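Descriptive structure summary
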Amino acid sequence: MLDLKFIRENPDTVKKGIESKNEKNRVDEIIALDTERRSIITKVEDLKARKNSVSQEVGKLKKAGQNADAIIAEMKQLGDDIKLRDDKLAEIDSSLNDILMWIPNLPHESVPFGKSSTDNVEARNWYPSGYEEFNFTPQDHLALGTKLNILDFERGAKITGSGFPVYKGKGATLERALINYMLDLHINKHGYTEIFPPFMVNADSMRGTGQLPKMADDMYTIERDGLYPIPTAEVPITNLHRNEIFEEDQLPVNYVGYSACFRREAGSYGKDSKGFLRVHQFNKVEMVKFVKPENSLAELENLVSDATEILENLKIPYRVLALCTGDLSFAAAKCYDLETWSPAENKWLEASSCSTFWNFQARRANIRFRKKEDKKLEFVHTLNGSGLATSRLMVSILENYQTSDGHIVVPEVLRKYTGFELI
RNA sequence: GGAGAGGUGGCUGAGUGGUCGAAGGCACUUGUCUUGAAAACAAGAGACCCUUUACGGGGUCCGUGGGUUCGAAUCCCACCCUCUCCGCCA
């Protein structure tokens, strides 16, 4: 959520920022409502001040045994007047809030301007030393997984629906190994605290991180209980501190957590939908940071480096993309995507997204910290990054580690978790 | 699912219609005292919003949302959450 005062004082900056994200700017509408709102507030608070002081007089008069009927009658009318104006105010507040909840975060000034994903900027890429292309035609992950009997998309579709993969045998073990390896690295080497969150959250949490209201169609819902299966562990973990206040020296707080992720992927059938490329349930290890504003950008770089270390240890080629304004998500101020190489698809696949949300989520979720120097409260900055999503990573592992006879060599760092070296 | 108890400021805890943003205690900040610290004493200290160049002024907030009243932390209604017991259960 953007600061209403900031919008009021910098309407042009806000308009420009919103439009660079290809979103409709409703700034003029906001300002009109805000102006009306403030004029009502001024008036109604005047009336309330009068009501408060006169009501106290009534108390005194009654105590003194005097008659207050005339004033009481007048106050009754004043009360009705206040109620009318308060109702109007509540109406305006609610429409104003509705609009504000739909206003995206502004891109940071360092974000490259662009219309769509084709305008993203490749910051760097990485290949393991001695990397060579296959001297045979590589099979894709779906063919490999099916033949080796480690993935079963068909039965997943039977028991649940399409896009709900089943991992089997060594495939299941490999998946588990990957998750454990990533968690252990972030916990033991990078100093994150592990969180194992609930996989369902309430609507307040979804609003706090910005999934609601805009992404409602992309989420599963459990209407009867008012709950939502999480699309990412970002939601429960960031909301852990909703409506809370940190002391300055507690920051930064770094969490890492595994969760299954549930996404409806509405309207995306047909494109990239083969195998793991687009699924409704997948596994992800997510890093979440709560930091002081001045450290936001540096911490974003840390997030990227913590995530890419996994890929380098797995020896998988990757590239880092700086997302352009037009490709930035609703809540993000700045974002890097990490893409891993798929030799069979012959393209890069998004395996991680590392973002700073500036104070956008912190405002929505009301997460603040008390500054040491002047004891004032200020919103924290929140960041998160996948470290990483296993589905896309699994594609890259299977395809990059395949042998000419259709087997999979287990990446070295995972072997102590799998207990086997070959699938 | 059934029965009961309860939700008050950073914590604890009083308050059952009027001057209560809310006693007392703990913790906190500042000052006095002290070589320093502790203790003691004194003072101060909440969040959000509106308004003001500023000093300041005003409003809202006692789980949430409604209602009654001139006036609600206090009365009424609905909901949410926590705890205890019973039932069921991975």
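Rules used throughout
- Residues numbered from 1 in each chain as written.
- Chains lettered and ligands numbered in written order.
- Predicted model: local features only at pLDDT ≥ 70, side-chain atom pairs only at ≥ 80, totals over all residues.
- Heavy atoms only, no water.
- Helix = DSSP H or I, 4+ residues; strand = E, 2+ residues; numbered from the N terminus.
- Buried < 20%, exposed > 50% of the residue type's maximum accessible area, 1.4 Å probe, protein only.
- Contact = heavy atoms within 4.5 Å.
- Domains from an automatic or database assignment.
- Buried area = accessible area lost by both parts, 1.4 Å probe.
- Salt bridge = Lys/Arg side-chain N within 4 Å of Asp/Glu carboxyl O.
- Polar contact = N/O pair within 3.5 Å; in protein donor to acceptor, adjacent residues only side chain to side chain.
- Axes fitted to C-alpha atoms, helices over the stretch in contact; angles between N-to-C directions.
- Parallel < 35°, antiparallel > 145°, perpendicular 65-115°, else oblique.
- Left-handed = near helix turned anticlockwise from the far one by under 90°.
- Nonpolar A, V, L, I, M, F, W, Y, C, P; charged D, E, K, R; others polar.
- Near = heavy atom within 4 Å.

**Let's talk about the overall build of chain A**
Assigned secondary structure in chain A consists of 13 helices and 15 strands. Across its three principal axes, chain A shows a C-alpha extent of roughly 100 × 45 × 40 Å. Taking all 423 residues of chain A together, the buried fraction comes to 50%. Residue pairs in contact within chain A that sit at least 24 positions apart in sequence constitute 75% of those at least 6 positions apart.

**Comments concerning the domain arrangement of chain A**
Domain boundaries in chain A define domain 1 (4-100) and domain 2 (117-418). For domain 1 versus domain 2, the distance between C-alpha centres works out to 43 Å. Listed as interface residues are five residues of domain 1 and, on the opposing side, nine residues of domain 2. Across the interface of domain 1 and domain 2, roughly 460 Å² is buried in total on both sides, 36% from carbon and sulfur atoms. It is Ser20, Lys21 and Glu23 that lose the most area in domain 1 upon contact with domain 2, and together they represent 81% of the buried surface on that side. At the surface where domain 1 touches domain 2, the tally comes to one salt bridge. One salt bridge in this structure joins Glu23 and Lys214, with 3.0 Å as the shortest N-O distance. Between domain 1 and domain 2 we count six residue pairs in polar contact (both at pLDDT 80 or more) in total.

**Things to note about helix 12 (residues 390-400)**
Of all eleven residues in helix 12, eleven are buried, a share of seventy percent or more. Among the residues of helix 12, those classed as buried are Thr390, Ser391, Arg392, Leu393, Met394, Val395, Ser396, Ile397, Leu398, Glu399 and Asn400.

**Observations concerning unusual backbone geometry**
With omega at 5°, the peptide bond leading from Leu212 into Pro213 counts as cis. Inspection of the secondary structure puts Pro213 in the loop between helix 8 (203-209) and strand 6 (227-229). The residue after Gly387, namely Leu388, is reached through a cis peptide bond having omega 0°. Looking at the secondary structure, you find Leu388 in strand 15 (residues 381-389). Even without glycine at this site, Trp358 takes up a positive phi of about 55°. Assignment of secondary structure puts Trp358 in the loop between strand 12 (347-356) and helix 11 (360-365). Trp358 gets classed as partly exposed once you look at its relative accessible area, which sits at 27%. The phi angle at Asn366 is positive, at roughly 55°, despite the residue not being glycine. The residue Asn366 is located in the loop between helix 11 and strand 13 (367-370) in this model. A relative accessible area of 24% means that Asn366 is categorised as partly exposed.

**Details of the packing of helix 3 (residues 27-63) against helix 4 (residues 69-102)**
Viewed as axis vectors pointing N to C, helix 3 and helix 4 meet at an angle of 150°, and their least axial separation amounts to 9 Å. Compared by their axis directions, helix 3 and helix 4 come out roughly antiparallel. As helix 3 runs across helix 4, the sense of the crossing is left-handed. Among the residues making up the contact of helix 3 with helix 4, the classes are represented as 19 nonpolar, one polar and 15 charged.

**Let's talk about the protein's contact with RNA strand B**
In the vicinity of RNA strand B lie 22 residues, with Arg38, Glu45, Ser55, Lys63 and Lys76 positioned nearest. Within 4 Å of the protein, atoms of RNA strand B come from sugar and phosphate in 70% of cases. A distance of 3.4 Å is found between a base nitrogen of RNA strand B and a side-chain nitrogen or oxygen belonging to Lys62. The side chain of Arg368 places a nitrogen or oxygen atom 3.1 Å from a sugar or linking oxygen of RNA strand B. Contributing elements (two or more residues each) for the surface near RNA strand B: helix 1 (4-9), helix 3 and helix 4.

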